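Structural features, examined
Chain by chain, the residues:
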Amino acid sequence: MAFEELFQTIEELVMCHSPSGDEREIDRLLLDRFAACGVEVWKDEAENVIAKIPGQNPDRAIAITGHKDEIGAIVNDIEPNGRVNIRKLGGSFPWVYGEGVVDLLGDRATIPGILSFGSRHISHESPQKALQSEVALNWEDAWIETKRSREHLDLVGVRPGTRVVVGKHRKHPFRIDDYITSYTLDNKASVAILLALAKRVKNPLMTVYLVASAKEEVGALGALYFTNRTRLDALIALEICPLAPEYPIEDGDVPVLLSQDGYGIYDEWLNARLQAAAQEAEVPLQQAVIRGFGSDGSIAMKFGHVARAACLGFPTQNTHGFEIAHLGAIDRCIQVLASYCQAV
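All values derive from a computational prediction rather than experimental measurement.

Strand order in the closed barrel formed by 6 strands is β4-β5-β8-β7-β6-β9, with antiparallel pairing between adjacent strands. Across this sheet, the average inter-strand angle for adjacent strands is 45 degrees, counted without regard to direction. Pairing geometry for strand β5 (residues 84-89) and strand β8 (residues 143-145), over 2 bridges, is antiparallel. Within the sheet, the bridge partner assigned to N85 lies in β8 and is W143.

Laid out in structure tokens, this is it:
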């Protein structure tokens, strides 16, 4: 079946929990997978996983980033009966997940809990009554039932600051023809592109850093650390691109090149080079300006860490939810970037 290897790689990445700041599980996988591609790989102090492909000109370098962290929730406090109160981590909303199993990533063990909103068969005396028709559901209205004592939670290391993510049995990607549907395609699909490039790009003209960046969902912290310490000619961020009525982006297998997002403009010279690489690879591109969005590239440019940045993405429905994207668009991002790396 077409794209089967790509689907399996994304599935493997999705099934690794990686909430912002607690990305250990996916780090172990990425270190092994990059090493198997025969490239130098390491994890830096900011917990970025970095693969390096040496270039013919060692004095010049580019970086391609795809963030490895995912959104979720963070423990706010724990009640005496073991009920856990939570707040958002990144751009998450409780109504996106619905009631169901979540995993609490304790310091010594991961335990399940049930994301809960309260009973439906209630009267006006219950504060949840307003949620049925009057107000939006917020994290302050949700909680996690663990059915464990506070002492047990303390024993396994569940505490204020513990990360919470969708339970693994709910995370398995599903395939509809050439579409992949899953939580955390943002941005596990982009990390799959990095792994594909590690296999494909050989002896580029300049050094290529493939950066699975940390803590992007809470401020692009990993990318800012890396770009502050590494001299780069350019940075290309890989991202999802939201499908919405206000954006001129069509669903399907055609990647998207951005000119601007909520943090600023991208570099037109670099965009022109990517368009030329796409033409060489015979890949069409969509172009767009979007607002409710940011990337490693635009944030690094805003802070003056890189002179040139671009953002290449794939059209995605239900962003920051149960996302849907065409595997062909993801595969075409690989083709464009492989062409670019051999040409610059």
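Note: strand β4 (residues 72-78) against β5, 6 bridges, orientation antiparallel. Pairing of I78 across the sheet is with V84, part of β5. Between β4 and β5, which pair antiparallel and follow one another directly, the connecting turn spans 5 residues, one of which, G82, has a positive phi of 95 degrees. Two strands pair when backbone bridges link them, and β4 and strand β9 (residues 163-166) are joined in this way by 2 bridges, in the antiparallel orientation. Within β9, the residue paired with I74 across the bridge is R163.

Within the secondary structure, G252 sits in the loop between β13 (234-242) and β14 (256-261). Residues G252 and A278, spaced 26 residues apart in sequence, show a C-alpha to C-alpha distance of 17 Å. The contacts of G252, once residues within four sequence positions are left out, are Y179, P315, H326 and A329.

Next up on the list: the nonpolar core. In this structure, I10, F34, I64, L210 and I330 are the most contacted members of the largest nonpolar core, which totals 57 residues. Setting aside its immediate chain neighbours within four residues, I330 contacts L6, I10, I180, A189, I193, F314 and A325.

Looking now at the packing of aromatic side chains. As enumerated under the stated definition, the model contains 5 aromatic pairs in all. Relative to Y183, the ring of Y97 has its centre 5.7 Å away and its plane inclined at 45 degrees; by these criteria the two rings are tilted. Taken as a pair, Y97 in helix α3 (residues 94-97) and Y183 in the loop between β11 (179-182) and α5 (185-200) lie far apart in primary sequence, 86 residues in all. Classification of Y97 by relative accessible area gives buried; the value is 11%. Seen from their ring centres, Y183 and F322 are 5.0 Å apart, and the 85 degrees between their planes marks the pair as edge-to-face. Separated by 139 residues along the polypeptide, Y183 in the loop between β11 and α5 and F322 in the loop between β17 (309-317) and β18 (323-326) bring together distant segments of the chain. Through a chain of ring-to-ring contacts, the aromatic side chains of Y97, W139, Y183 and F322 assemble into a single cluster. Here the basic side chain of R273 rests over the ring of W269, its NZ or CZ set 5.0 Å away from the ring centre.

What follows deals with the side chain of E145. Turning to its location among the elements, E145 is positioned in strand β8. Relative accessible area serves as the criterion here: at 19%, E145 is assigned to the buried category. Within polar-contact distance, the side chain of E145 engages the side chain of R83 at 2.7 Å. Only 2.9 Å separates the side chain of E145 from the side chain of W143, close enough to count as a polar contact. Leaving out residues up to four positions away in the same chain, E145 has contacts with R83, G113, I114 and S116.

Helix length check: helix α7 (residues 268-280), at 13 residues, gives a terminal C-alpha distance of 18 Å against a target of 18 Å (1.5 Å per residue), a fit within 8%. Listed in full, the buried residues belonging to α7 are L270, N271, L274, A277 and A278. Taken down its axis, α7 places every buried residue within 120 degrees of arc, on the same side. Projecting away from the buried face of α7 at angles above 90 degrees are the exposed residues E268, Q279 and E280. Check the buried side of α7 and you find it contacts β13, β14, β17 and α9 (327-343). Phi turns positive, to about 60 degrees, at E282, one or two residues after α7.

The rules behind the values
- Residues numbered from 1 in each chain as written.
- Predicted model: local features only at pLDDT ≥ 70, side-chain atom pairs only at ≥ 80, totals over all residues.
- Heavy atoms only, no water.
- Pairing = 2+ DSSP bridges.
- Helix = DSSP H or I, 4+ residues; strand = E, 2+ residues; numbered from the N terminus.
- Axes fitted to C-alpha atoms, helices over the stretch in contact; angles between N-to-C directions.
- Contact = heavy atoms within 4.5 Å.
- Core = buried A, V, L, I, M, F, W, Y, C linked by side-chain atoms within 4.5 Å.
- Buried < 20%, exposed > 50% of the residue type's maximum accessible area, 1.4 Å probe, protein only.
- Phe/Tyr/Trp six-rings, centres within 6.5 Å; stacked < 30°, edge-to-face > 60°.
- Lys NZ or Arg CZ within 6 Å of the ring centre and 35° of its normal.
- Polar contact = N/O pair within 3.5 Å; in protein donor to acceptor, adjacent residues only side chain to side chain.
- Expected span 1.5 Å × (residues − 1).
- Arc of directions from axis to C-beta.

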